[in-house]
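Examination of the molecular architecture
Residue-level listing of the chains:
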Number of protein chains: 2
Amino acid sequence: MNYPNKIKKNNIKETNYGNRGMSLESELNSSNEYYLINDIAIIHKKPTPITITKVNYKSRMDAVITEAFFKIPSTTDYNGIYKGKYIDFEAKETKSSTSFNLNNIHAHQIEHLKKIVTHGGIGFLIIRFTVLNKTFLIEIDKVLDYINSHNRKSIPLDYIENFGYIIRDKYNPVIDYLEIIDKFILKENDYVKE
Amino acid sequence: MNYPNKIKKNNIKETNYGNRGMSLESELNSSNEYYLINDIAIIHKKPTPITITKVNYKSRMDAVITEAFFKIPSTTDYNGIYKGKYIDFEAKETKSSTSFNLNNIHAHQIEHLKKIVTHGGIGFLIIRFTVLNKTFLIEIDKVLDYINSHNRKSIPLDYIENFGYIIRDKYNPVIDYLEIIDKFILKENDYVKE
């Protein structure tokens, strides 16, 4: 399990070198900002969870954390509200062009998303195949269907293509994942209700 | 604005000396854990937002953050889902026994909670008067009503007593704020709908 290492790397890239408009994370942040400014949805990325052990108080206003450690996140990275619905998801990039390795996601994060759906929310993954430059949204139920019926530790691309939805590039928002929610997921839920 | 300072202090207390079962934050964390374990609701405290500037990679698995700074939070501390509803709130303690100073909450946090309500969520404050040992839940609309009709920078206790709801001490969960949501807020919303 090399997850904590990955969190760090993302963080350093983000804070030291800034948003280059290339990573899935920065594109999602910009899309969420678009949704927020245009009053479409309120969805935020959660801060990276850390345990702070030493703080240096230079002055009353200006403190520096001098020792802290990365924690394994207990939930997913993104949540918020859209059309009265609770939205919750995790976003991951993969360099593979054939499958998404489930080791990229903690078991308890999948468990968390499953519970969200049970409680009436919308839970999903956003997966980008960087080499193929394709980004998909797949509902957590479909991920669980795969996990429960296969022994493989990774989901093949063709399963994601068949049971997920491709998110097409746009200018603004760059990743319009709420369009997918609108067209396919809220619609489905409405059919069930009626 | 001395907010960043306050965040630090809470964090240090939490991480260095552990949960003494005394602070509002630790009581809310334990209540949220109770809700989670009993499959009642999924509500988490967001991590403290920081900007990481230096990381020391001792080994692949073991990284230490050696320099980081506190950021002003862009949202509230707590959010999640209860009975299909998006829940969002901020929790604050005050030593005053007569009023709650609005400087304790960032203007953009109040703005955030207001938007949550517009989008169909439930947004509120949990305020504890530590000297009186009284904890209240007050909907953000009621807070805004007060702000919009008064010039004072603090909300008097009697306004909170009249327009908020007292949360009575229980054994488990210690702060059963969802009972208030159930009895008064979801009920009201249902009346509106019918």
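Residues numbered from 1 in each chain as written. Chains lettered and ligands numbered in written order. Predicted model: local features only at pLDDT ≥ 70, side-chain atom pairs only at ≥ 80, totals over all residues. Heavy atoms only, no water.

1. Some details on the overall build of chain A
Cut-off, in case you're wondering: Counting from the N terminus, the helices are the DSSP runs of H or I reaching at least four residues and the strands are the DSSP runs of E reaching at least two. Should any heavy atoms of two residues lie within 4.5 Å, those residues are considered in contact.
In terms of regular secondary structure, chain A is built from six helices and 10 strands. Contacts in chain A between residues at least 24 apart in sequence constitute 63% of all its contacts with a sequence separation of at least 6.

2. Concerning the packing of helix α3 (residues 107-118) of chain A against helix α4 (residues 140-149) of chain A
Residue and element names in this part refer to chain A. The condition is simple: The convention used is that axes are lines fitted to C-alpha atoms, helices contributing only their stretch in contact, and that angles between N-to-C directions extend from 0 to 180 degrees. Geometric relationships in this document are graded by angle, where less than 35 degrees denotes roughly parallel, more than 145 denotes roughly antiparallel, 65 to 115 denotes roughly perpendicular, and other angles denote oblique. By the definition used in this description, the sense in which the near helix is turned from the far one sets the handedness, with an anticlockwise turn below a right angle giving left-handed and a clockwise turn giving right-handed.
Contact geometry of α3 with α4 gives a least axis separation of 9 Å together with a crossing angle of 125°. It follows from the interaxial angle that α3 and α4 lie oblique. Between α3 and α4 lies a crossing whose hand is left-handed. Along the contact surface, α3 presents I110, L113, K114 and V117, while α4 presents I140, D141, L144 and I147.

3. Things to note about helix α2 (residues 24-37) of chain B
Residue and element names in this part refer to chain B. So the rule is basically this: Given the number of residues in a helix, its expected span is that number minus one, multiplied by 1.5 Å. Burial status follows relative accessibility: with a 1.4 Å probe on protein chains alone, a residue under 20% of its type maximum counts as buried, one over 50% as exposed, and anything between as partly exposed.
Taking 1.5 Å of rise per residue, the 14 residues of α2 would be expected to cover 20 Å, and the 20 Å separating its terminal C-alpha atoms lies within 8% of that figure. Within α2 the residues assigned to the buried category are L24, E25, S26, E27, L28, S31, N32 and Y35. Looking one or two residues beyond α2, the residue adopting positive phi is D39, at roughly 55°.

4. Describing helix α3 (residues 107-118) of chain B
All names here are of chain B. How we decide: Throughout, the arc means the angular range of directions from the helix axis out to the C-beta atoms.
For α3, which comprises 12 residues, the first-to-last C-alpha distance of 17 Å matches the rise-based estimate of 16 Å (1.5 Å per residue) to within 8%. Every buried residue of α3 is accounted for by Q109, I110, H112, L113 and I116. Angularly, the buried residues of α3 cover 155° about the axis, an arc narrow enough to put them on a single face. Across from the buried face of α3, at angles greater than 90 degrees, the exposed residues are A107 and T118. Remark: G120 follows α3 within two positions and exhibits a positive phi of approximately 95°.

5. What about the sheet that holds strand β8 (residues 134-139) of chain B?
Residue and element names in this part refer to chain B. Keep this limit in mind: Two strands qualify as a pair provided DSSP detects at least 2 bridges between them.
Judged by pairing direction, the sheet is mixed, and its six strands sit side by side in the order β1-β4-β5-β7-β8-β10 without closing on themselves. Across the chains shown, the open sheet's two edge strands, defined by having one partner strand only, are β1 (41-45) and β10 (165-166). Note that strand β5 (residues 85-94) and strand β7 (residues 122-129) share eight bridges and pair parallel. Note that in β7 the partner of D88 across the bridge is G123.

6. A word on the confidence of the model for chain A
All names here are of chain A. Applicable threshold: Every residue gets a pLDDT, meaning the predictor's confidence in that residue, from 0 to 100.
Mean pLDDT for chain A: 86, with 84% of residues reaching 70 or above. No element of chain A has a lower mean pLDDT than helix α1 (residues 3-17), which averages 39, and none a higher one than strand β4 (residues 78-82), which averages 98. Interface predicted TM-score (ipTM) for the complex: 0.84; the corresponding pTM is 0.85.

7. As for the side chain of N32 of chain B
With respect to the secondary-structure elements, N32 of chain B resides in helix α2. Here N32 of chain B is in contact with I43, Y78 and Y177 of chain B, once residues within four sequence places are set aside.

8. A closer look at the packing of aromatic side chains
Residue and element names in this part refer to chain B. Under the convention used in this document: Between rings of Phe, Tyr and Trp, where Trp is taken as its six-membered ring, a pair exists when centres lie within 6.5 Å; planes separated by under 30 degrees are stacked, by over 60 edge-to-face, and by other angles tilted.
A full pass over the atoms with the stated rule returns 21 aromatic pairs over all chains. Centroid distance F124 to Y177: 6.2 Å. Interplanar angle 50°. Geometry classified as tilted. Of this pair, F124 sits in strand β7 while Y177 sits in helix α6 (residues 177-193), and the two are 53 residues apart along the sequence. On the basis of relative accessibility, which here comes to 0%, the residue F124 falls in the buried class. Classification of Y177 as buried rests on a relative accessible area of 0%.

9. Structural notes on the side chain of H119 of chain A
Worth spelling out the cut-off: Distance and chemistry together define a polar contact, namely a pair of N or O atoms within 3.5 Å, with one atom able to donate a hydrogen and the other to accept it when in protein, and with adjacent residues in sequence counting only for side-chain atoms on both sides.
Positionally, H119 of chain A belongs in the loop between α3 and β7 (122-129). Taking the relative accessible area as the measure of exposure, H119 of chain A reaches 11% and is therefore buried. Here D39 of chain B takes part through its side chain, which lies 2.9 Å from a polar atom of the side chain of H119 of chain A.

10. Concerning the pairing of strand β5 (residues 85-94) of chain A
Among the 10 residues that make up β5 of chain A, nine are buried, leaving the element largely enclosed by the rest of the structure. Counted between consecutive antiparallel strands, the loop separating β4 of chain A from β5 of chain A contains two residues, among which K83 of chain A sits at a positive phi close to 50°.

11. Some points on the pattern of salt bridges
Put simply, the test is: Here, a salt bridge means any side-chain nitrogen of Lys or Arg that lies within 4 Å of a carboxyl oxygen of Asp or Glu.
All chains considered together, the criterion is met by 16 salt bridges over all chains. E90 of chain A serves as the salt-bridge partner of K92 of chain A, at 3.6 Å between the closest nitrogen and oxygen. Of the residues examined, K92 of chain A reaches a relative accessible area of 14% and is grouped as buried. Put simply, K134 of chain B and E161 of chain B hold a salt bridge, and the shortest N to O gap is 3.4 Å. Linking K134 of chain B in strand β8 with E161 of chain B in helix α5 (residues 157-163), this pair joins segments that are 27 residues apart in sequence. Since its relative accessible area comes to 30%, K134 of chain B is described here as partly exposed. Taken together, the shared-partner salt bridges in this structure form one network comprising K170, D176 and E179 of chain A.

12. Some points on unusual backbone geometry
Residue and element names in this part refer to chain A. Residue P173 is reached from N172 by a cis peptide bond, and omega for that bond is 0°. Residue position: P173 is located in the loop between β10 (165-166) and α6 (177-193). Positive phi outside glycine occurs at K83, with the angle close to 50°.

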